[in-house]
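The primary structure of each chain is shown beneath.
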Amino acid sequence: FKNKDVFILFTHLLLLANWKESKFEGIVIARGQLVTSRKSLVKITGLSEQTVRTCLTRLKSTNEITINSTRQGTIIQILNYSKYNENYLK
């Protein structure tokens, strides 16, 4: 990650993602996923809303994440999550 804002956001996504499957408001949130919103990511990271939006677009275009909007919030899936957190499986 050459862009520090992308690095900051991606690091926060890794820290916030489920390390095991769970349920949130009746939907299954898999390992490597999190339910969030842009506003909460702005608050957590200290980045502007435009910067968060741009970083999410960049991470999506480089196949680091997928984004799915639901009534419960935005579900972000970190692709290859186990690559970043494989020690939790051992």
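All of these numbers come straight from a predicted model, not from anything done at the bench.

## A few points about the pattern of salt bridges
Applying the stated criterion across every chain yields a total of three salt bridges. Among the salt bridges present, the one from E49 reaches R38, with a minimum N-O distance of 3.6 Å. Of this pair, E49 sits in helix α3 (residues 49–61) while R38 sits in helix α2 (residues 38–45), and the two are eleven residues apart along the sequence. For E49, a relative accessible area of 32% puts it in the partly exposed group. Between E49 and R53 there is a salt bridge; the shortest N-O distance is 3.7 Å.

## Regarding the side chain of R31
Assignment of secondary structure puts R31 in the loop between β2 (27–29) and β3 (33–36). Here the side chain of R31 touches W19 through a polar contact of 2.7 Å, landing on its backbone oxygen. From its side chain, R31 meets the backbone oxygen of N85 in a polar contact 3.1 Å long.

## Points about the confidence of the model for the protein
Per-residue confidence for the protein averages 92 on the pLDDT scale, and 94% of its residues sit at or above 70. Here helix α4 (residues 81–84) stands out as the least confident element of the protein, with mean pLDDT 88; α3 is the most confident, with 97.

Criteria and cut-off values
Each chain has its residues counted from 1, following the order in which its sequence is written. Reporting of local features is limited, given that this is a predicted model, to residues whose pLDDT is at least 70; pairs of side-chain atoms are given and counted only at 80 or more, and all residues count toward the totals for whole chains, interfaces and linings. Note that the side-chain values use all heavy atoms of the structure and ignore hydrogens as well as water. Every case where a carboxyl oxygen of Asp or Glu lies within 4 Å of a side-chain nitrogen of Lys or Arg is listed as a salt bridge. Each helix corresponds to a stretch of at least 4 residues labelled H or I by DSSP, and each strand to a stretch of at least 2 residues labelled E; elements are numbered beginning at the N terminus. Think of it in three bands: with a 1.4 Å probe and only protein chains considered, a residue is buried below 20% of the maximum accessible area for its type, exposed above 50%, and partly exposed in between. Counting of polar contacts relies on pairs of N or O atoms within 3.5 Å, with two restrictions inside protein: one atom must be capable of donating a hydrogen and the other of accepting it, and residues adjacent in sequence are counted only when both atoms are side-chain atoms. The predictor's confidence in any single residue is recorded as pLDDT, a number from 0 to 100.

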